[in-house]
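Coordinate analysis (summary)
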Amino acid sequence: MAKTPTLTNKAANVGLRHRMLNPVAMLWQDGSARIGMIVFFLFAVVAIFAPYLAPYPPFESSLSEAGRLRRLEPPSIDHWLGTTTFGHDVFSQLIMGFRLAFVVGVVAALAVGFVSTLIGIISGYFGGVIDDLLMRLTDVALSIPTLPFAIVAVGLLGPSIENIILVITVLFWRNGARIIRSTVLTEREKIYVKWARTAGASHFHIIINHILPNVFRIVFLWITMSVAFAILTEASLSFLGLGDPTAVSWGQMLNTAFVSGSLRTAWWWVAPPSIALVVLISSIYLIGRGYEELNNPRLRRR
Amino acid sequence: MQSKSIVKWTVLLASFGALSAANAEELGEPVPPISLVYYAADIGIEHEQSARILSSEWAKLGLEFELQPIQFGTFVATINVGGGLEDMAVVAVGADPDRTDPTYWLSDSSACGERRNASKWCDEEYSALASLQRTQIDLDERIKTVNQLQNYHHEKAPWWPVTHYVYGMVWNSEKWGNISSPAPLAPHEDPVRPWLSAEPLTDDRILDWAYLEDVSGYNPMAEEGAVGWVRFVFDTFAKNDPSGEIVPWAAESWEFTDETNLRVKLREGMTFHDGEPVTADDAVFTLNKVVEIQPPAMAARLGNIANVEKVDDYTFDIQLKSSDSAFVPTALTFLFILPEHVWADYSGDFVDRDIVADNAVIGSGPFKFETWRPNEVHELSTHTAHFAAPKYDGVRRLALGQSDAISAALQAGDGDIATAVLPVAAMSDLAAREDHLDFIELPTHASQLVWVNNEKAPFTDLAFRKALRMATHNQRVGIEAFQGFFIPAGAGPVPNQLALWHDESVKPDAFDIEGARAILEEAGYGWDSQGRLHYPPPN
Amino acid sequence: MRAYLISRNVQSLFVVFVVTSIMFVMFRIMPSDPTAMLVDRGMPEEARQALLEKWGLTGTLWDQYLRYFGNLAVGDFGESFFYRQPVWDVLLPLIVNSLILAIPGLLLGALIGAGLGMVVGWSKRGGRIENIGIFVATIARGTPSFIVGIALLAVFSSWLGWFPAFGMGDPGDAAGSQRYFTFEFLHHLFLPLLAVIIFFLPENLLLMRSGVVESRTEDYIELVRAKGVSEPRVAWHAGRNSLLPLVTWLFPALAETVAGLIVIEIVFAWPGVGRELVLAVTRQDYPLAQAAFILMALLIVLSNLAADLTYTKLDPRVAYSRAKHG
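Cut-off values and rules
One numbering rule holds for all chains: residues counted from 1, following each sequence as written. Each chain is given a letter, starting from A, and each ligand a number, starting from 1, according to the order in which they appear as written. Restriction of local features to residues with pLDDT of at least 70 applies here, the model being predicted, together with a cutoff of 80 or more for giving and counting side-chain atom pairs; totals for whole chains, interfaces and linings are based on all residues. Numbered from the N terminus, helices here are DSSP runs of H or I no shorter than four residues, and strands are runs of E no shorter than two. Each radius of gyration is computed over the set of C-alpha atoms, and the globule rule expresses the reference value as 2.2 Å times the number of residues to the power 0.38. Buried means a residue has 20 or more other C-beta atoms within 10 Å of its own C-beta, exposed means 12 or fewer, and partly exposed covers the counts in between; C-beta atoms are placed from the backbone. Contacts here follow a simple rule: the backbone-placed C-beta atoms of the two residues must lie within 7 Å. Orientation is described by lines fitted to C-alpha atoms, with helices fitted over the stretch in contact, and by angles between N-to-C directions that extend from 0 to 180 degrees. Put simply, angles under 35 degrees are roughly parallel, angles over 145 are roughly antiparallel, angles from 65 to 115 are roughly perpendicular, and the rest are oblique. Gly is put with the polar residues, along with every residue not named as nonpolar or charged; the nonpolar set is Ala, Val, Leu, Ile, Met, Phe, Trp, Tyr, Cys and Pro, and the charged set is Asp, Glu, Lys and Arg. Here a crossing is taken to be left-handed if its near helix is turned anticlockwise relative to the far helix by less than a right angle, and right-handed if that turn runs clockwise. We call two strands paired when DSSP finds no fewer than two bridges between them. Here the bounds of each domain stem from an automatic or database domain assignment. Each residue after the first adds 1.5 Å to the expected span of a helix. What the arc describes is the spread of directions from the helix axis to the C-beta atoms. Values of pLDDT, which run from 0 to 100, indicate the predictor's confidence residue by residue. Here a nonpolar core is just a set of buried residues of the types Ala, Val, Leu, Ile, Met, Phe, Trp, Tyr and Cys, joined wherever their C-beta atoms sit within 7 Å.

**Concerning the overall build of chain B**
What chain B contains, in helices and strands, is 17 helices and 21 strands. Its C-alpha radius of gyration of 25 Å places chain B within 12% of the 24 Å reference for a compact globule of 539 residues. Along the three orthogonal principal directions, the C-alpha set of chain B runs to about 85 × 55 × 40 Å. Burial analysis of chain B (539 residues in total) assigns 55% to the buried set. If you take every contact in chain B between residues at least 6 apart in sequence, the share linking residues at least 24 apart comes to 70%.

Written out as structure tokens, the structure is:
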């Protein structure tokens, strides 16, 4: 193994790329993970092209020839999924909702991944007082009730996408940090790390070249799961009326249906965002599940 | 249709841009983006939609907007009374009974230094006139001043109305008859209609009111959120009438014996819920007590009372510090009578007293307090000895917390009547779907308003304000955000529902973007090649 | 062992203290003035000061902080801005209402989930039962609880009309503790309870199934089978060992449920702590929101502690290793 600290950049890059693709290739072998990945990919495509796919601006009221609001209309040729109580096109809102779910999910998950990896590695690698301090901090963070905190924090900070992402990051780094730390603990004791250290490699070098690549799988899994947590949290907040009002999200669509008293009648308005949420979150759980099956040798099929 | 008009505007903007680009050196600084705040959806779903519609129209003047929803509580604290308006706000004010008097609109919301003057406009001449109207006891004289104020206000455009609210009421018409309209008052603010007039058609003699929120308590010195409900239990001296007049209630009559002395005569034969008679002693005790302790919730209404004195068993005098024509409509309809025998010996803080725990929820109102389960249900039973006692046994207020539960309750027959929270359009839909439900519209003086920060440029400029007002698309807001349940606002600050006070001769602007742009151009504003609005060039 | 217990308790206390402090600071640094919306216009400055004093909002932040903790130490959460009653009086019945939904929901969810997990775990590897079981459980796990609630309402209340849509009972029902023993109450409880069960079931199912699958490969199972024990009983043997982690998992799960109950309480208009928390936040009723939040955090800390202690009792090695590392 890399005994000397003079690994070329190119080689390191190849190694990294290999490791980035590795989990995906590995997951492809698992049936349910494959379904999850395909669904996730399709949703991502819709999210990217959402503005081109949505036939109307999401907040544009549809008016009849006589100038009356076309409110709560069931699906028709004009409005594939009908209209809301404000005459907005449900289909357009649904499509734009893909985008918000992905923005919140991916940005928040990357932030969560970054913070938990940073804390997990520092804590696990250096140990001692730093570890103690960081783990006490994690204990505190773990005692914060998730949704109540999100409600209070967003209620106080004001509902915006930035604040929601911030709150999600503050909430979900904690479990990740713990898991990553324990992996780092075992990596740290590996023989090649000790060699590298005796060979005079800097801590930074060891972390980047030896520790990080080996905890990458765990980080990858944690980021994947965080996408689901983030989407779920955003949806719950939006459903409670604490979503960003300037963007369309599925939770917010349901909230508007709920507070306008349309839940019982406008199935075309309620069902699409519900189904989209369930399918997206489940697809991520399927990926996570497949990952677990593959990594736990005792669960693996023989 | 929509997209066509957008295209039209783009073309128009581009041509304007091309025109002014030639004179680019004559432009001042660009007008910076404007923050537009509005109530978040926790208090209703129409505000956000209104803000989107209005800002998209104003944007056609070459302006840019940043929309910012604020939770209702924070909004009121920081902007309505906190003086924290940054640029602009789209807000709504409710149909409170005391707002049937023009003082709220002309003075409280518009005069220099008033706590609720959120637009921060200050015009000394106007303010002096606003104080004057309050001291004019002669109605004709006062109306003259009020009209003058409306013209002045309209001319200066410190803030302006967009639409007025049409509330709704939906009820089970198989079980309840004679449900009468309280308009322009809101049903949850007025105990008389529809509540006291309702008649049961079956042997279910409890009226179940499916409502959203809880009441915060029964102590009338502390309660503000549900004044109407607490006045079911505690009688006021007078009541607002839908016609705009103030009619006798616990007081049989009143008259000014001189400029500052109001003689009030109580109705005879009233009793408290514990059977004791109501006398002038109780009224005098209550009024002098609240004047002494000045409960924060009541301070504004009490401010002008100097002293209260008993004349005989049913008559007393309220001495005012200065003559006050708004006293009867705002204070007599609000102040209440506590039983002296329940309160005289209480040594603690009156405002703080938990009267539910003390079994002291005793008034003389048409209903007696029975039970309260926080965030679930309040139950009152009929005080049969009351002069206006309803023909049924009691009323329950269900705190259901959400619209869906309210419509479910009405559909299933658990709720007999709903008056708010469920959007009016949803009430109307519900009644159209269900045979046993009836619906009426209640046009009110509740208003959606546009506030601008009169202390900050560009809103300090009258031409800019007038241009914005002309570009305020009332009709679109009414149809798209209020879903057709609205009354287009007239001109001036006093709502056109208040027939007695509203000055018909002031004419509202017709919505006109080109006209608005013309106003701006005349005032020296210009547009750059991107169509953005610039201040007039400095001289 | 005792040293471990003591340090663990001190730790928990510390955590509660820090979480409470965070909440305190969060609520105080907000710009808005809580008296502004509580009082009518034209309130004299004196009266405003009196109000501020009453709510403990005078003095420096530090003074307020000390006062707040002084009061907390004697169990005083202060007075609700909205209800103008001691926070504790408002919250107590709501806590009961929340627990009455959370505890049976959790237990039933765990029981049914574990049972189904055993079936799925013991089914043929790669067979139809396993595939469908896992697939359905994963999707159920991916369904936000408000969507479960909306779906239940749509089907059982709106469409079929079998169950009431909101609240805990009919308005005219018995008051006090008696209300919990009426048919009406159970009738109202059913749908929200079902939502809580569905919230819990998949997690339990998957946990149990993993446990069973893992223990299937253990030697002793072969031994049990070799003794000629019937197949369901073998499954029970395999599953029994997976119950332990499940049991210790229940404590933290209870805390998460009470917190996660919020959206279910909102959808079904159930008068519980979670719904009150949301209302308190929108009403800016800080003392109430703060108290509800702190109680939820306390519940989490206590249940983590309980889980830890149970585990320690069952497996002393844990205490040793944790004392060393943790």
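Don't stop here, the text continues.
**Side note on the overall build of chain C**
Summing up its helical and strand segments, chain C has 12 helices and zero strands in all. Beginning at the N terminus, the succession of helices and strands in chain C can be written as α-α-α-α-α-α-α-α-α-α-α-α. Here chain C holds 326 residues, and 44% of them are scored as buried. Sequence separation of 24 or more characterises 72% of the internal contacts of chain C that already satisfy a separation of 6 or more.

**Some thoughts on the packing of helix α15 (residues 462-470) of chain B against helix α17 (residues 513-522) of chain B**
Residues and elements named next belong to chain B. The contact between α15 and α17 brings their axes to 8 Å, and the two run at 175 degrees. In this view, α15 runs roughly antiparallel relative to α17, as classed from their interaxial angle. Side by side, α15 and α17 meet where A463, K466, A467 and M470 of the first sit next to G515, A516, I519 and L520 of the second. Each residue belonging to the contact of α15 with α17 can be placed in one class, and the counts come to six nonpolar, one polar and one charged.

**So, the interface of chain C and chain A**
In this assembly, 39 residues from chain C lie in contact with 32 residues from chain A. Mapped onto the side of chain C that touches chain A, the elements with two or more residues apiece are α1 (2-28), α5 (128-141), α6 (145-159), α7 (183-216), α9 (231-267), α10 (273-283) and α11 (286-314) of chain C. With six residues, the top contributor of residues to the side of chain C that touches chain A is α11(C).

**Here's the deal with the packing of helix α3 (residues 90-126) of chain A against helix α4 (residues 128-142) of chain A**
Think of two packed helices as two axes; the pair is described by the angle between the axes and how far apart they sit. Residues and elements named next belong to chain A. The N-to-C vectors of α3 and α4 enclose an angle of 140 degrees; their axes lie 7 Å apart at closest approach. With respect to each other, α3 and α4 are oriented oblique. Every pair of crossing elements has a handedness; the one defined by α3 and α4 is left-handed. Residue-level contacts link I119, I122, S123 and F126 of α3 to G128, I130, D131, L134 and M135 of α4. Split by residue class, the contact of α3 with α4 holds six nonpolar, two polar and one charged.

**Remarks on the environment of A:A141**
Locating A:A141 in the fold gives a position in helix α4. Taking C-alpha positions, A:A141 is 7.3 Å from A:L171, a pair spaced 30 residues apart along the chain.

**What about the pairing of strand β7 (residues 206-211) of chain B?**
Residues and elements named next belong to chain B. Judged by how many residues are buried, β7 sits mostly within the fold: five of six residues are covered. Here β7 pairs with strand β16 (residues 394-399) via six bridges, running parallel. Each bridged residue has a counterpart across the sheet, and for I206 the counterpart in β16 is G394.

**A few points about the domain arrangement of chain B**
Residue and element names in this part refer to chain B. Its domain assignment divides chain B into domain 1 (5-164 + 444-534) and domain 2 (189-418). Between domain 1 and domain 2, the C-alpha centre-to-centre distance is 36 Å. Taken together, the 15 residues of domain 1 in the interface contact 15 residues of domain 2. Along the lines of polarity and charge, the residues of the side of domain 1 that touches domain 2 split into six nonpolar, four polar and five charged.

**Considerations on α5(C)**
Count 3.6 residues to each turn of an α-helix, and residues three or four apart come out pointing the same way. Between the first and last C-alpha of α5(C) there are 20 Å, a value that for 14 residues agrees with the 20 Å anticipated at 1.5 Å per step. Of all the positions in α5(C), only C:G133, C:A137, C:T138, C:A140 and C:R141 are classed as buried. Buried residues in α5(C), looked at end-on, bunch into an arc of 160 degrees, giving them a common side. Set apart from the buried face of α5(C) by more than 90 degrees, the exposed residues are C:R128 and C:I132. Against α10 (267-295) of chain A together with α4 (87-122) and α7 of chain C lie the buried residues of α5(C).

**Some thoughts on the confidence of the model for chain B**
As a note on interpretation, predicted positions should not be read in detail where pLDDT is low. The pLDDT averaged across chain B works out to 88; a share of 94% of its residues lies at or above 70. Below pLDDT 50 for its whole length, residues 1-11 of chain B participates in three contacts with residues either more than four positions away or in separate chains.

**Description of the pairing of strand β4 (residues 159-172) of chain B**
Residues and elements named next belong to chain B. For β4, the buried fraction is high: 13 of the 14 residues fall into the buried class. Relative to strand β18 (residues 437-452), β4 runs antiparallel, the two sharing 12 bridges. Along β18, the bridge assignment pairs Y167 with L442. As judged from the three bridges shared by β4 and strand β19 (residues 486-488), these two strands associate in the antiparallel manner. Bridge pairing in β19 places T163 opposite P488.

**Some thoughts on unusual backbone geometry**
Put simply, B:A183 and B:P184 share a cis peptide bond, and its omega is 5 degrees. Locating B:P184 in the fold gives a position in the loop between β5 (176-177) and α7 (192-196). Residue B:R193 is joined to B:P194 through a cis peptide bond whose omega torsion reads 0 degrees. Along the polypeptide, B:P194 turns up in helix α7. Backbone geometry places A:L72, a non-glycine residue, at a positive phi of 50 degrees. As for its position among the elements, A:L72 is in the loop between α2 (31-53) and α3. Given 22 C-beta atoms within 10 Å, A:L72 falls into the buried group.

**Side note on the sheet that holds strand β13 (residues 315-320) of chain B**
All names here are of chain B. Spatial strand order, β10-β11-β13-β12: four strands in an open sheet with antiparallel pairing. Of all strands in the sheet, those with a lone pairing partner are β10 (251-258) and β12 (305-312), marking the two edges. Across the sheet, the mean angle separating the axes of adjacent strands is 20 degrees when strand polarity is ignored. Strand contacts of helix α9 (residues 280-293): β11 (261-266), β12 and β13, with the helix running at about 165 degrees to β12, the strand carrying the most contacts.

**Digging into the environment of B:F75**
All names here are of chain B. Among the secondary structure elements, F75 is positioned in helix α3 (residues 72-80). On the neighbour-count criterion, F75 (25 C-beta atoms within 10 Å) is buried. For the pair F75 and V37, spaced 38 residues apart in the sequence, the C-alpha separation amounts to 8.7 Å.

**What to know about the environment of C:Q284**
All names here are of chain C. Relative to the assigned elements, Q284 resides in the loop between α10 and α11. The class of Q284 is buried, set by 25 C-beta atoms lying within 10 Å. Separated by 257 residues in the primary sequence, Q284 and F27 have C-alpha atoms spaced 9.4 Å apart.

**Re the nonpolar core**
Core analysis: the biggest nonpolar cluster contains 318 residues, and A:I151, A:I231, B:L400, B:W451, C:V196, C:L277 and C:A292 have the highest contact counts within it. Examining the composition of this core, we find that 19 residues originate from one element, helix α8 (residues 203-239) of chain A, more than from any other. Look past the residues within four positions of A:I231 in its chain and what remains in contact with it is A:A101, A:V104, A:G105, A:L280 and A:I281. Counting 10 residues, the second-largest nonpolar core is a separate cluster that includes B:Y104, B:L106, B:Y126 and B:V494.

**Overview of α17(B)**
All names here are of chain B. Along α17, the positions that sit buried rather than exposed are A516, R517, I519 and L520. When α17 is viewed along its axis, its buried side chains cluster within an angular range of 155 degrees and face the same direction. In α17, the exposed positions that point more than 90 degrees away from the buried face belong to E514 and E522. Summarising the contacts, the buried residues of α17 are in contact with α15 and β21 (533-534).

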